[in-house]
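Report on the structure
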Amino acid sequence: MHGRSSGEMPMSGKGAVYSFERFGGTINAPHRAFLWSIGLDPSDIGKPLAGVVVAWSESGPCNFHTLNLIGYVKQGLRDAGCVGLAMPTIVVNDNISMGTEGMRYSLVSREVIADSVEAQIVAHAYDGFVGIGGCDKTQPGIMMAMARINRPSIYMYGGSAEPGFIGEKKFTIEDVHEYVGAYISGKISEQELLQVEMVAHPTYGACAGLFTANTMAILSEGLGLALLGSSSPTATSSRRAIFAYETGKALGTLLENGIKPRDILTYEAFRNAATLLMASGGSTNGILHLLALAYEAGVKFTLDDFDEISKKTPYILSMRPAGEFVMADLDRVGGAPLLLKKLLDAGLIDGGVLTVSGKTLAQSLKEYRLPDVPHEHIVRDPSKPIKKTGGIRILRGSLAPEGAVVKTAATGVTRFEGSARVFDDEESAFEAVRGGTVKEGDVLVIRYVGPKGAPGMPEMLRVTAALSGAGLGESVAMVTDGRFSGATRGIMVGHVAPEAASGGPIALVEDGDKILIDTDAGRLELQVSREELERRRRDLKPKPPKATSGLLAKYASLVSSASTGAVTMPRL
Ligand code: FES
């Protein structure tokens, strides 16, 4: 019944910190009037008000289904004594924008997502929220908002797609990119390419391999921001609904106990996540996103931490693109909790950190029931790793004084010395591969594609996949101030900092210069004398900005170096 007098106003329930101030009390009648319009009841005032933030879009399969999960989350919230209201955030689909103008909006969308969640949650006085992501940037974007707003919140992944099959052979979207490379170099027919294209991503859900989406999903468990086991069920699994319900319910407990993301996102939690990233051989984007999340959480966590952790973390997970398996396979043997348990038992992570379960990671893992099935083919024991050190290494040297990243899991080559072929955009590099002018021993230097320069630091999957498809994956290297897709394979060094647009040494490279990549020693060297580099620097003319209006121009004016997560920092 509407129209209660102020005397009948309910008391604020535990956890209704922000909402009661907005909706309780007589003078808040105008605010309340809008709640009655959408079906809330006076008895709802005083209960914690939780947002259900859903990154949803029909622009591709990754977030196609996420709206369907809202009802389950809201039911969990209701059963926990809370009120849940849903709201959207945007999606930029990486695969559909890959290799095009659109890719410049991908990393930018991470900031837009974080900003849009902040705006909605704070403007409408939500006490906390559940965030559901899918495609690559939706996940760090939502987690960054959790850290930034610091109200009780839980992340949940929408799940990845099932793999495709032709006979017994398994396919993912990465294969389509590489088949394009094989097609343009004359290795396969158009018919073979079409056949793979039709089966590679057979259901809705994010990319099936351990590319960026699944990497970030696993990391959400490693950070303690998601319920254990919630990242690996496929998007089509009925367990998604169960996790959605449980996530809603768990948020109720967090609201009641006042546990906030920054209670969870400690330095130790970031160490755990970085260890999980290295042990799993996940996407290099994981580095960028963890740096950005640490920035939002106010935790000092740098490339040096990744470097130190990488050196002592064994790489133990065999998933595509480096290994054989996909997320659905990992799910069958225990998902991220299996990895975390192995790392905990080996003393490589800290079990004392708090998680969204309200318990420590060690307690939660102890209570989690892992399936009793053989798993050594996917997840090795840390004492018998695939490689003794982590799947990603940080490189430094004259070409990247602030750092660069290389995915060692994606290549068997640890040292590469070659001649630079310089490109100021991705398209001309792709055309060079397509035209057959790239040869063994070349180092493709693709620059002015960094956070500021592109702007938006696009991924170079089109070029790297074309190299792999042309059989040059292990004989041609790439060095760029852009990013790589999680699906990238080969000797690929990205995130070179400072970037060319900020006057980094990568801007000084010329065709024919010798470049050394040494992943064991962590070095990336431009083998040109200091005098010559000084001469080139004197002659260097700054390039005009590629974007002068709109979102990309705003982003370029605010974005930080990739070595600090490419976050948009206010210039106050
Ligand atoms: Fe969306 Fe891969 S393109 S997860």
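Residues numbered from 1 in each chain as written. Predicted model: local features only at pLDDT ≥ 70, side-chain atom pairs only at ≥ 80, totals over all residues. Heavy atoms only, no water.

**Quick notes on helix H5 (residues 104-123)**
Taking 1.5 Å as the rise per residue, H5 with 20 residues should run 28 Å; its terminal C-alpha atoms sit 29 Å apart, in good agreement. By the largest-angle criterion, Arg110 marks the main kink of H5, which is about 25°. Looking at H5, one finds that the buried residues are Arg104, Ser106, Leu107, Val108, Ser109, Arg110, Glu111, Ile113, Ala114, Val117, Gln120 and Ile121. Just past H5, the residue Ala125 takes up positive phi, approximately 60°. (Helix = DSSP H or I, 4+ residues; strand = E, 2+ residues; numbered from the N terminus. Expected span 1.5 Å × (residues − 1). Bend = angle between axes of the 7 residues up to and from the residue. Buried < 20%, exposed > 50% of the residue type's maximum accessible area, 1.4 Å probe, protein only.)

**With respect to the sheet that holds strand S3 (residues 128-133)**
Taken in spatial order, the four strands of this open sheet run S2-S1-S3-S4, and their pairing is parallel. Two strands in the sheet have a free side with no partner beyond their single neighbour: strand S2 (83-89) and strand S4 (153-157). Strand after strand, the sheet turns through a mean of 20° between neighbouring axes, direction not considered. Note that S3 and S4 share five bridges and pair parallel. Bridge pairing links Gly133 to Tyr157 in S4. Helix H3 (residues 70-79) rests against strand S1 (49-55), S2 and S3 of the sheet, and its axis sits at about 165° to S1. (Pairing = 2+ DSSP bridges. Axes fitted to C-alpha atoms, helices over the stretch in contact; angles between N-to-C directions. Contact = heavy atoms within 4.5 Å.)

**Describing the nonpolar core**
Counting residues in each nonpolar core, the largest one holds 104 residues, and the members touching the most others are Leu223, Phe270, Ile287, Leu293, Phe306 and Leu330. Sequence-distant contacts of Leu293, defined by excluding residues within four places in its chain, comprise Met143, Met144, Ala147, Leu223, Leu225, Leu265 and Phe270. Ala404, Val406, Val443 and Val509 belong to the second-largest nonpolar core, a separate cluster that totals 28 residues. (Core = buried A, V, L, I, M, F, W, Y, C linked by side-chain atoms within 4.5 Å.)

**Here we look at the side chain of Arg320**
For Arg320, the position within the fold is in the loop between helix H14 (303-312) and helix H15 (327-333). Residue Arg320 is classed as buried on the basis of its relative accessible area, which comes to 14%. Look past the residues within four positions of Arg320 in its chain and what remains in contact with it is Lys170, Phe171, Thr172, Glu174, Asp175, Gly209, Leu210, Phe211, Phe325 and Val326.

**Notes on the packing of helix H18 (residues 426-434) against helix H19 (residues 461-469)**
Contact geometry of H18 with H19 gives a least axis separation of 9 Å together with a crossing angle of 15°. The orientation of H18 relative to H19 falls into the category roughly parallel. Between H18 and H19 the crossing geometry is left-handed. Counting all contacts with H18, which are made through Glu426, Glu427, Ala429, Phe430 and Val433, the residues of H19 involved are Leu461, Arg462, Val463, Ala466 and Leu467. (Parallel < 35°, antiparallel > 145°, perpendicular 65-115°, else oblique. Left-handed = near helix turned anticlockwise from the far one by under 90°.)

**Focus: unusual backbone geometry**
With an omega of 15°, the peptide bond between Arg320 and Pro321 qualifies as cis. Tracing the chain through its elements places Pro321 in the loop between H14 and H15. Cis rather than trans, the peptide bond between Ala454 and Pro455 has omega equal to -15°. Along the chain, the position of Pro455 falls in the loop between strand S10 (442-446) and H19. Phi angles above zero are rare outside glycine, and Tyr448 is one such case at about 60°. If you trace the backbone, Tyr448 turns up in the loop between S10 and H19. Looking at Tyr448, the relative accessible area reads 7%, which means it is buried. Although it is not a glycine, Ala566 sits at a positive phi angle of roughly 50°.

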